[in-house]
Amino acid sequence: MVRSIREIRRDPLSFLNRMYAQFGDVVQFPIPDPPTYLVSDPEIARRILVTNARAYGKRTIQYTTLSLVTGEGLLTADTDVWRGQRRRLQPAFHHSTLEFIADHVRTSSDRLLARWSAVDGAIVDVDEAMMHLALEVVGKSLFGADLAGDAARLAQATVEALDVVVKKARSPLSPPLRVPTPANIALRKAIADLDSAVDAMLADRAKRPLARDESPRDMLDLLLARDDDGRVMPRDEIRNQVITFIVAGHETVASALTWAWQLLVAHPDSWNRLRAEALPIVEGGGPHFTDLGALPYTAAVIDEVLRLYPPAWLITRRSHEDDVLGGIEVKAGSLLIVSPWLVHRHTSIWDRPHQFIPERFLDQDGQRRRDVINGSGYIPFGAGPRLCIGRDMALVEAILVLASIAPRVDMTRVGATPAAMPMVTIRPQGGLPMRVTVKPVP
Ligand code: HEM
């Protein structure tokens, strides 16, 4: 284990591949406390996340560290607290919210194309552009009514706090937050900035409450509304959920989009097929939410990108009860690391697992294969009760961004294919520089 630490730091994905190749579907690391297992078998992952989910919770290092920024929000809360929150928040991800998102995607994509057009033919960092776009879309969906001022500051403060917390998590001997080390002082400042940005945002919204007969303008209105029993959500919970949505909803989508461009540039036939599907929709003034059904190939590209580069590359759980996984006895209190990166390459499910083949997600009529998307070998959004609440929002956003942009640009790669570096999500090391030319659409 000690010998592996350098490899884990330098190239964690190769370490995962090696562990699976050398030791198989469930690997116990030689760590005394807590007993720690890496899981790559799709059926065992399913037992942990779905069929025996009640025996597993989220009190893991990954989620405890994240909660320094998000507090006890939907992503990090456990069992009973989580159940109440999920019931309360589900309506914010209703179908009608997805229609808002489609409108935001069109506006933000047009704005990005205008920026690229102004520097036509230049080299741009596509990874940075996708981060910017995804942050803008999640920001508008949450607080579209007032993105200009406080909301932009809040989004920025969240990204900075997350950055500090990730750096802190990467140094294993990092002392608790109360000890005044330079990293802890930076984190405490980032959290204080975050809290003051939330306060400014809520104070501003309080000046413009929703009128009695007005429909919600964005997700913040939904969070501030009274529930069916007439209760309002406490300020701290609103803070935690707003920050959770920014954290969970921007870098994940951006990472998927970045790898999508990288893979499309490497596979021109796929790019041409996607372009042929999306061009008539763009020419007609779309894409709109209602165009999604006419974009099955674009959807399959996103499905395949999420298989090869699952942004949430590790999902962790702490066992509450003893269990038996793949014939191995796992004691209560153990740490389980489920790896979508390995599950998505498991040869029991996937043919030619390392190749980019969007067609594997389409049936013979060219429609999306629900059996594959919902099968046990495909968990980019997790599975079971803790399935990503933002899944549909993320898919709508990612599919519509590709459909909006792909028919209107040409991209050429500059330099070698970047290495995949897993941080909070999987990112291209050194960004994704591309030469971008914008094409007029009739
Ligand atoms: C491609 C984009 C995305 C990916 C790959 C992704 C992935 C995931 C995964 C794997 C989980 C489950 C974690 C676990 O079981 O421990 C999750 C949960 C969650 N995601 Fe996403 N996510 C994406 C986009 C979003 C968006 C857009 C939002 C919201 C704006 C969001 C909000 C959440 C929340 C709140 C949870 C916790 C749900 C719960 O436990 O009830 N995600 N996500």
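Read on for a plain summary of the structure. Here the structure is a predicted model, which is why all the values come from computation and not from measurement.

In this structure, the iron atom of the ligand receives exactly one donor atom from the protein: Cys388 (SG), at 2.3 Å. With respect to the helices, strands and loops of the structure, Cys388 is situated in the loop between helix H15 (370–373) and helix H16 (391–405).

So, about the sheet that holds strand S4 (residues 123–125). Pairing is antiparallel in the open sheet, where three strands are placed in the order S4-S12-S9. One side of each edge strand has no neighbouring strand; the edge strands of this open sheet are S4 and strand S9 (409–413). On average, adjacent strands in this sheet sit at an angle of 45° to one another, irrespective of strand direction. Summarising the sheet, S9 and strand S12 (residues 433–438) pair through five bridges and their orientation is antiparallel. Bridging across to S12, Met411 finds its partner in Val436. The sheet strands contacting helix H6 (residues 95–118) are S4, S9 and S12, and the helix crosses S12 at an angle near 95°. Running at roughly 50° to S4, helix H7 (residues 126–143) makes contact with S4, S9 and S12 of the sheet.

Our focus in this paragraph is helix H13 (residues 296–308). The terminal C-alpha atoms of H13, which comprises 13 residues, lie 18 Å apart, in line with the 18 Å expected from a rise of 1.5 Å per residue. Among the 13 residues of H13, 13 are classified as buried, and the element is accordingly described as predominantly covered.

A few words now on the side chain of Thr244. You can see Thr244 is positioned in helix H11 (residues 235–266). According to the relative accessible area criterion, Thr244 is buried, its value standing at 3%. Once residues within four sequence positions are removed from consideration, Thr244 is found in contact with Thr70, Gly73, Leu74, Leu75 and Gly249.

Around the ligand, 27 residues are found, and the nearest of them are Tyr63, Trp82, Arg86, Arg386 and Cys388. At 3.1 Å, a side-chain N or O of Lys58 approaches an oxygen atom of the ligand. Breaking the shell around the ligand down by element, the ones donating at least two residues are helix H5 (79–89), H11, strand S5 (315–319) and H16. With six residues, the single largest contributor to the shell around the ligand is H11. Classifying every residue of the shell around the ligand gives 18 nonpolar, five polar and four charged.

In this section: the packing of aromatic side chains. Scanning all chains against the criterion turns up eight aromatic pairs. Aromatic pair Trp350 and Tyr378: ring centres 6.3 Å apart, planes at 65°, arrangement edge-to-face. Here the residue Trp350 occupies a position in the loop between helix H14 (340–343) and H15, and Tyr378 occupies one in the loop between H15 and H16, the gap between them amounting to 28 residues. Looking at Tyr378, the relative accessible area reads 6%, which means it is buried. One aromatic cluster is present, formed by Trp259, Tyr309 and Trp341 through successive ring pairs.

Residues Trp116, Trp261 and Met411 are the most contacted members of the largest nonpolar core, which totals 119 residues. Once residues lying within four places of it in the same chain are set aside, the contact partners of Trp116 are Val124, Ala129, Met130, Ile405, Val409, Met411, Val436 and Val438.

A few words on unusual backbone geometry. Cis geometry is adopted by the peptide bond preceding Pro287, which originates at Gly286 and carries an omega value of 5°. Tracing the sequence through the fold places Pro287 in the loop between helix H12 (268–283) and H13. Positive phi is not limited to glycine here, since Thr79 has a value of about 35°. Relative to the helices and strands, Thr79 is located in helix H5. One non-glycine residue, Arg352, lies in the positive phi region at around 40°. Residue placement: Arg352 occurs in the loop between H14 and H15.

With their axes 10 Å apart at the nearest point, H11 and H16 run at an angle of 35° to one another. For the pair H11 and H16, the sense of crossing is right-handed. Here Val253, Leu257, Ala260, Trp261 and Leu264 of H11 lie close against H16, whose contacting residues are Ala394, Glu397, Ala398, Val401, Leu402 and Ile405.

Per the stated rule, a full pass over the model turns up 27 salt bridges. In this structure, the salt-bridge partner of Asp110 is Arg408, at a minimum N-O distance of 3.0 Å. Of the two residues, Asp110 sits in helix H6 while Arg408 sits in the loop between H16 and S9, which places them 298 residues apart along the sequence. Using a relative accessible area of 39% as the deciding quantity, one classes Asp110 as partly exposed. On the basis of relative accessibility, which here comes to 18%, the residue Arg408 falls in the buried class.

Reading the values: the criteria
- Residues numbered from 1 in each chain as written.
- Predicted model: local features only at pLDDT ≥ 70, side-chain atom pairs only at ≥ 80, totals over all residues.
- Heavy atoms only, no water.
- Donors = N, O, S within 2.8 Å, 3.2 Å for Na, K, Ca; no water.
- Helix = DSSP H or I, 4+ residues; strand = E, 2+ residues; numbered from the N terminus.
- Pairing = 2+ DSSP bridges.
- Axes fitted to C-alpha atoms, helices over the stretch in contact; angles between N-to-C directions.
- Contact = heavy atoms within 4.5 Å.
- Expected span 1.5 Å × (residues − 1).
- Buried < 20%, exposed > 50% of the residue type's maximum accessible area, 1.4 Å probe, protein only.
- Near = heavy atom within 4 Å.
- Polar contact = N/O pair within 3.5 Å; in protein donor to acceptor, adjacent residues only side chain to side chain.
- Nonpolar A, V, L, I, M, F, W, Y, C, P; charged D, E, K, R; others polar.
- Phe/Tyr/Trp six-rings, centres within 6.5 Å; stacked < 30°, edge-to-face > 60°.
- Core = buried A, V, L, I, M, F, W, Y, C linked by side-chain atoms within 4.5 Å.
- Left-handed = near helix turned anticlockwise from the far one by under 90°.
- Salt bridge = Lys/Arg side-chain N within 4 Å of Asp/Glu carboxyl O.

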